Amino acid sequence: MKNFLLFLTIIALISCKNEQPSFDKIYYHTTTCFGTCPEYYIEINRDKTFKLFAKTVFKENTSYFDLEFDSLQMGYFKGKIDEKIYQKLDEQIKIISSKDYKYDRNQMITDTPEITLIVQRGADKTCFQTFYPTENFQNNVINLLNSICETSQMEKTEKFNIE
């Protein structure tokens, strides 16, 4: 019985694999819109660290007619992504990396931010750029990236460059 349990343990350990993230770096950029859309530039590394430049951020509950910048949320930041959020991001990157994945509705709307997402794996880079994302891309990727920009633990830092 002991040998059988030892055998099962060895098989379980061999079959477990330490899966690497599906990206080396992610670059994400949003532009402003005619309303209160924030403008973010973020670079996320496979070690869960990130650099964020929040160029334009508006205070909550501000209206188009009463725009008020949130200067505390604007500037240069660095931080680390929570493990649970990072795993969700990695899962979404795997999904959108399918060659059949549709992220753009192929229409132009003038009052939406332009979204640019670049996923780098080694020397290869895949670019997703859209003004009118599909509902799936908006809900599962863009909203997740925006939440990282808005709610992650980060600290203000000095100016830096993002590719």
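It should be emphasised that the depicted structure is a prediction, and the values quoted were computed from it without experimental measurement.

Trainee: Could you give me a rundown of the overall build of the protein, with the residues and numbers involved?
Mentor: Each helix and strand in the protein was counted, giving three helices and seven strands. The order of α-helices and β-strands along the protein, N terminus first, is α-β-β-β-β-α-β-β-α-β. For the protein, the proportion of its 163 residues judged to be buried stands at 36%. Sequence separation of at least 24 residues holds for 61% of the intrachain contacts in the protein that already meet a minimum separation of 6.

Trainee: If you had to explain the nonpolar core to someone new, which residues and values would you point to?
Mentor: Counting residues in each nonpolar core, the largest one holds 29 residues, and the members touching the most others are Ile44, Leu89 and Leu117. Listed by contribution, the elements that provide at least two residues to this core are β1 (25-30), β2 (39-45), β3 (49-56), α2 (83-96), β5 (115-121) and α3 (135-151). The biggest single contributor to this core is α3, with seven residues. For Leu117, the residues in contact, after removing those within four places along its chain, are Ile26, Tyr27, Tyr28, Ile96, Thr126, Cys127, Phe128, Phe137, Val141 and Leu145.

Trainee: Let's hear about the state of the cysteines: which residues, and what values?
Mentor: Within this structure, the stated rule accounts for one disulfide. Linked covalently through their sulfurs, Cys33 and Cys37 form a disulfide whose S-S length is 2.1 Å. Between Cys33 and Cys37, the S-S dihedral sits near 90 degrees, and the bridge is therefore right-handed. Note on Cys33: relative accessible area 17%, which makes it buried.

Trainee: Account for α2, naming residues and giving values.
Mentor: With 14 residues, α2 ought to run about 20 Å at 1.5 Å a step, and its terminal C-alpha atoms sit 20 Å apart, in line with that. Three or more residues of α2 are buried, namely Tyr86, Leu89, Asp90, Gln92, Ile93 and Ile96. The buried residues of α2 occupy one face: seen down the axis, they fall within an arc of 165 degrees. If you follow the buried residues of α2, they end up packed against β1, β2, β5, β6 (124-130) and α3. Structurally, the start of α2 carries an N-cap: the backbone nitrogen of Lys84 is 3.0 Å from a side-chain oxygen of Asp82.

Trainee: Please set out the pairing of β1 residue by residue, giving values where relevant.
Mentor: The element β1 is largely enclosed, with a buried count of five among its six residues. Pairing of β1 with β2, which is carried by five bridges, proceeds in the antiparallel orientation. Bridge assignment links Lys25 to a residue of β2, and that residue is Asn45. Relative to β5, β1 is paired through six bridges, and the arrangement is antiparallel. Of the residues in β5, the one forming a bridge with Ile26 is Val119.

Trainee: Got a sec to walk through the packing of α2 against α3? Specific residues and values, please.
Mentor: Relative orientation of the contacting elements α2 and α3 amounts to 145 degrees, with a least axis distance of 10 Å. Crossing handedness for the pair α2 and α3: left-handed. Counted together, Ile85, Lys88, Leu89, Gln92 and Ile96 of α2 and Phe137, Asn140, Val141, Leu144, Leu145 and Ile148 of α3 form the full contact between these two elements.

Cut-offs and rules
- Residues numbered from 1 in each chain as written.
- Predicted model: local features only at pLDDT ≥ 70, side-chain atom pairs only at ≥ 80, totals over all residues.
- Heavy atoms only, no water.
- Helix = DSSP H or I, 4+ residues; strand = E, 2+ residues; numbered from the N terminus.
- Buried < 20%, exposed > 50% of the residue type's maximum accessible area, 1.4 Å probe, protein only.
- Contact = heavy atoms within 4.5 Å.
- Core = buried A, V, L, I, M, F, W, Y, C linked by side-chain atoms within 4.5 Å.
- Disulfide = S-S within 2.5 Å.
- Expected span 1.5 Å × (residues − 1).
- Arc of directions from axis to C-beta.
- Polar contact = N/O pair within 3.5 Å; in protein donor to acceptor, adjacent residues only side chain to side chain.
- Pairing = 2+ DSSP bridges.
- Axes fitted to C-alpha atoms, helices over the stretch in contact; angles between N-to-C directions.
- Left-handed = near helix turned anticlockwise from the far one by under 90°.

Purely geometric stuff here, so don't read any function into it on its own.
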